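# Coordinates in review
The chain contents come next:
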Amino acid sequence: MNIRYLHTMVRVKDLDKTMAFFKLLGLEETRRVDNDKGRFTLVFMAPPGQPECPVELTYNWDGDEGLPSDSRHFGHLAYRVGNIYELCQKLMDAGVTINRPPRDGHMAFVRSPDNVSIELLQEGDPLPPAEPWASMENTGHW
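This section reports on the structure supplied with the text. (Residues numbered from 1 in each chain as written. Predicted model: local features only at pLDDT ≥ 70, side-chain atom pairs only at ≥ 80, totals over all residues. Heavy atoms only, no water.)

Note that strand 1 (residues 8–12) and strand 4 (residues 55–60) share five bridges and pair parallel. From the neighbouring strand, arginine 11 faces strand 4, where its bridge partner is threonine 58. Two strands pair when backbone bridges link them, and strand 3 (residues 40–46) and strand 4 are joined in this way by six bridges, in the antiparallel orientation. Residue pairing in the sheet places phenylalanine 40 in a bridge with asparagine 60 of strand 4. (Pairing = 2+ DSSP bridges. Helix = DSSP H or I, 4+ residues; strand = E, 2+ residues; numbered from the N terminus.)

So this is what it looks like as structure tokens:
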């Protein structure tokens, strides 16, 4: 059997806010579909040079009150990053809560504006423990 990963889809309430969040992670828009008849927009965002690994943001123009208040049942998206401390600092400076700080220099969790859990994993070996991350407590859940 031949199988190939295509994308992960998440529904979003505020397309601009969610796209801004994924841009902070370093993703870029690779494709967009506006469907007038279905009244929705699909935006595909992927890491630079990796258009085969997108997340599909689905925005329903008339609202989406059916979205759960906690997308935990979804699990999470995971991205490998060049420097977990730098990215977490960039996210925190932009007002993003670091739910599980990278105390170990290896793994962190944050959430998108639509409550989707995002796992960040340090590329290669873990970075040496560093402050403020080493002593930072968890916030909420991931």
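This is not the end of the story, as more comes after the structure.
Computed from the structure, the largest pocket encloses a volume of approximately 460 Å³. What lines the largest pocket is a set of 22 residues, and nearest its centre among them are Leu27, Pro47, Ala78, Tyr79 and Arg80. At the level of elements, strand 5 (76–81), helix 2 (84–93) and strand 8 (117–122) are the ones that each hand at least two residues to the lining of the largest pocket. Here the lining of the largest pocket gets five residues from one element, more than from any other, and that element is strand 5. Partitioning the lining of the largest pocket into residue classes produces 15 nonpolar, five polar and two charged. (1 Å grid on protein atoms, 1.4 Å probe; cavity = no way out; pocket = protein on both sides within 12 Å on 5 of 7 lines; lining within 4 Å. Points joined across faces, edges and corners; volume = space filled by probe spheres on them. Nonpolar A, V, L, I, M, F, W, Y, C, P; charged D, E, K, R; others polar.)

Structural measurements only, silent on function.
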